[in-house]
Structures are given as structure tokens and as C-alpha cells.
Amino acid sequence: MSKPPDFNGPSPSSEELAAAPIIHLWELREMCGEAANIYGHQLFGFFCGHPAFDDMSYANSSPVEQMDSRTPPRWARTHTRLYRLGQSKIGYFETLNAD
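Residues numbered from 1 in each chain as written. Predicted model: local features only at pLDDT ≥ 70, side-chain atom pairs only at ≥ 80, totals over all residues. Heavy atoms only, no water.

Participant: I tried to follow the nonpolar core on my own but got confused; where do I start?
Facilitator: As a rule of thumb, nonpolar side chains are buried together in soluble globular proteins. Counting ten residues, the largest nonpolar core consists of Ile-23, Trp-26, Leu-43, Phe-47, Ala-59, Val-64, Met-67, Ala-76, Tyr-83 and Leu-85. Of all the elements in the fold, those that place two or more residues in this core are strand 1 (22-30), strand 2 (41-48), strand 4 (64-67) and strand 6 (82-85). (Core = buried A, V, L, I, M, F, W, Y, C linked by side-chain atoms within 4.5 Å. Buried < 20%, exposed > 50% of the residue type's maximum accessible area, 1.4 Å probe, protein only. Helix = DSSP H or I, 4+ residues; strand = E, 2+ residues; numbered from the N terminus.)

Participant: Teacher, can you tell me more about the pattern of salt bridges here?
Facilitator: Enumeration according to the criterion identifies four salt bridges in this entry. Between Arg-29 and Glu-27 there is a salt bridge; the shortest N-O distance is 2.9 Å. Of the residues examined, Arg-29 reaches a relative accessible area of 32% and is grouped as partly exposed. The partner of Asp-68 in a salt bridge is Arg-70, and the shortest N-O contact between them spans 3.0 Å. Since its relative accessible area comes to 41%, Arg-70 is described here as partly exposed. Through salt bridges that share partners, Glu-27, Arg-29 and Lys-89 make up one connected network. (Salt bridge = Lys/Arg side-chain N within 4 Å of Asp/Glu carboxyl O.)

Participant: What exactly am I supposed to notice about a nonpolar patch on the surface here?
Facilitator: There is a patch of nonpolar side chains on the surface, built from Tyr-92, Phe-93 and Leu-96 and spanning about 270 Å² of accessible area. Summarising the element assignment, Leu-96 is placed in helix 3 (residues 89-96). Exposure remark for Leu-96: the relative accessible area of 46% places this residue in the partly exposed category. (Patch = residues over 30% accessible without salt bridge, like charges linked within 9 Å, V, L, I, M, F, W, Y side chains within 5 Å. Areas by Shrake-Rupley, 256 points an atom, 1.4 Å probe, with all protein chains shown as cover.)

Participant: What exactly am I supposed to notice about the sheet that holds strand 1 here?
Facilitator: Pairing between the strands of a sheet comes from backbone hydrogen bonds, and it takes one of two forms, parallel or antiparallel. The sheet built from six strands is open, its strands ordered 3-2-1-6-5-4 with mixed pairing. Every interior strand has two partners, whereas the edge strands, strand 3 (57-60) and strand 4, have only one. If you compare each strand with its neighbour and ignore which way they point, the axes differ by 35° on average. Two elements, strand 4 and strand 5 (residues 75-78), share three bridges in a ladder whose sense is antiparallel. Across the sheet, the residue bridging to Met-67 is Ala-76, located in strand 5. (Pairing = 2+ DSSP bridges. Axes fitted to C-alpha atoms, helices over the stretch in contact; angles between N-to-C directions.)

Participant: Could you clarify how one ought to interpret the side chain of Ser-61 in this entry?
Facilitator: Considering the arrangement of structural elements, one finds Ser-61 in the loop between strand 3 and strand 4. Aside from chain neighbours lying at most four places away, what touches Ser-61 is Gln-42, Leu-43, Phe-47, Thr-78 and Tyr-83. (Contact = heavy atoms within 4.5 Å.)

Participant: I tried to follow the side chain of Thr-78 on my own but got confused; where do I start?
Facilitator: Along the chain, the position of Thr-78 falls in strand 5. Classification of Thr-78 as buried rests on a relative accessible area of 5%. Contact partners of Thr-78, with chain neighbours within four places excluded, come to Ser-61, Ser-62, Pro-63, Val-64, Glu-65 and Tyr-83.

Keep in mind that these numbers describe shape and distance, not what the molecule does.
So this is what it looks like as C-alpha cells:
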């Protein structure tokens, strides 16, 4: 199993966060095969405001390099960009099952 993303490092500024795409119903997954040994984890979910995807396209990020240390995390830095994190997939299903 590869090392999880480093949760240490500087937090993004409010301006950086405001300009970042958002991922809804996200989940953090370990990459498969040889890539897992080199890159570690990616985010999967529904992307909004991303320059390469239509809004609400299901996609994955480049490798995750840093995540917010709060619970739940509110942002993540990947190899190519910063993302805001909406509700996680797990959090969404927990709210559905709360009734």
C-alpha cells in the first residue's frame, strides 16, 4: 500500500480557494498497479468549474499531494491544481442513512 497524501503544509489563501474548481461526492482512492507505488492517491467525483471538464462530469484528479487536515477536509492540492472539496461520497450516504 502506498503512503497517503501529506496532510502538512501551508493552507491555500481565501483567493486561491475561491478560484479553485470544486469536487462533489468525492472519494480518495489509491491508484492501481505500478502507479500506486509512484503516485499514491487520486480524487474521484463530480467536478465543477474545471477547465477541462463539463460541470458535473464524473472524473478523477491528478495525484494528490496535500489535503486539508480538518475533518471533513475542505480542500486538496494535486499535482496539477488546487480543489475545493464538497460533500464526500461517504458523508452523503451517511446523511441518507441518518433517518
